[in-house]
Amino acid sequence: MAGETVITVVGNLTADPELRFTQNGLPVANFTIASTPRNMDRATNEWKDGDPLFLRASVWREFAEHVAGTLTKGMRVIAQGRLRQRSYQDREGNQRTAIELEVDEIGPSLRYATAQVTRAAARTDGQGPAASAPAGQEQQWATSEPPVDGGWTYGDDTPF
């Protein structure tokens, strides 16, 4: 990955990930992560929101199916990936440039929520690695912090 711009973004999904399939049948999920910085205004002793960053992101193959089946609108996520720049012409013929995140890793933030993770079943169709636990074994994790942003939670409080 020499020379690539790798970043980590923490933010909220603006909508459910949109799962589509290419003409060759490859799954791809697209979504937007909104990340808004907050700073303490020392003059007023209040938190102030900065300008939000809306970053389009995509994941491919089995990963796309996992994301679309797990993450939903409003969830706080941590995403790491590579920034990609592409140029295109809009409908009016104007040249445009888009910056997008090609996600390598993504998951829910556990700062204000809990999560339960179940390892995906092995693929037998030759489309991806068989990176799953033996049948009947699950990987579970959670935090003991109560959810405070909107009340959404994932699973129970079962620790490792």
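Look up: the structure comes first, before these words.
Residues numbered from 1 in each chain as written. Predicted model: local features only at pLDDT ≥ 70, side-chain atom pairs only at ≥ 80, totals over all residues. Heavy atoms only, no water.

Caption draft 1: Highlighting the overall build of the protein chain. Broken down by element type, the protein chain carries one helix and eight strands. If you list the helices and strands of the protein chain from N to C, you get β-β-β-β-β-β-α-β-β. Counting only residues that meet the buried cut, the protein chain has 24% of its 160 residues in that class. (Helix = DSSP H or I, 4+ residues; strand = E, 2+ residues; numbered from the N terminus. Buried < 20%, exposed > 50% of the residue type's maximum accessible area, 1.4 Å probe, protein only.)

Caption draft 2: Region of the structure containing the pairing of strand β4 (residues 38-41). By the bridge criterion, four bridges tie β4 to strand β5 (residues 46-49) in an arrangement that is antiparallel. Counterpart to Met-40 in the pairing with β5 is Trp-47. Two successive antiparallel strands, β4 and β5, enclose a turn made up of four residues, where Asn-45 displays a positive phi of approximately 60 degrees. (Pairing = 2+ DSSP bridges.)

Caption draft 3: Quick peek at the layout of surface pockets. Put simply, the second largest pocket is a space of about 260 Å³. What lines the second largest pocket is simply Val-10, Gly-11, Asn-12, Ala-34, Ser-35, Thr-36, Arg-38, Asp-49, Arg-76, Arg-111 and Tyr-112. Secondary structure elements with two or more residues in the lining of the second largest pocket: β1 (6-13) and β3 (27-35). If you tally residues by element for the lining of the second largest pocket, the top one is β1, at three residues. Among the residues forming the lining of the second largest pocket, the class breakdown is three nonpolar, four polar and four charged. (1 Å grid on protein atoms, 1.4 Å probe; cavity = no way out; pocket = protein on both sides within 12 Å on 5 of 7 lines; lining within 4 Å. Points joined across faces, edges and corners; volume = space filled by probe spheres on them. Nonpolar A, V, L, I, M, F, W, Y, C, P; charged D, E, K, R; others polar.)

Caption draft 4: Spotlight on the environment of Gln-95. Looking at where Gln-95 falls in the secondary structure, it is placed in strand β8 (residues 95-108). Its relative accessible area of 54% is what places Gln-95 among the exposed residues.

Caption draft 5: View of the pattern of salt bridges. Applying the stated criterion across every chain, the model contains 10 salt bridges. In this structure, Arg-82 engages Glu-4 in a salt bridge whose closest nitrogen and oxygen atoms are separated by 3.8 Å. One end of the pair, Arg-82, is in strand β7 (residues 76-89); the other, Glu-4, is in the segment before β1, with 78 residues separating them in the sequence. The exposure class assigned to Glu-4 is partly exposed, which follows from its relative accessible area of 29%. (Salt bridge = Lys/Arg side-chain N within 4 Å of Asp/Glu carboxyl O.)

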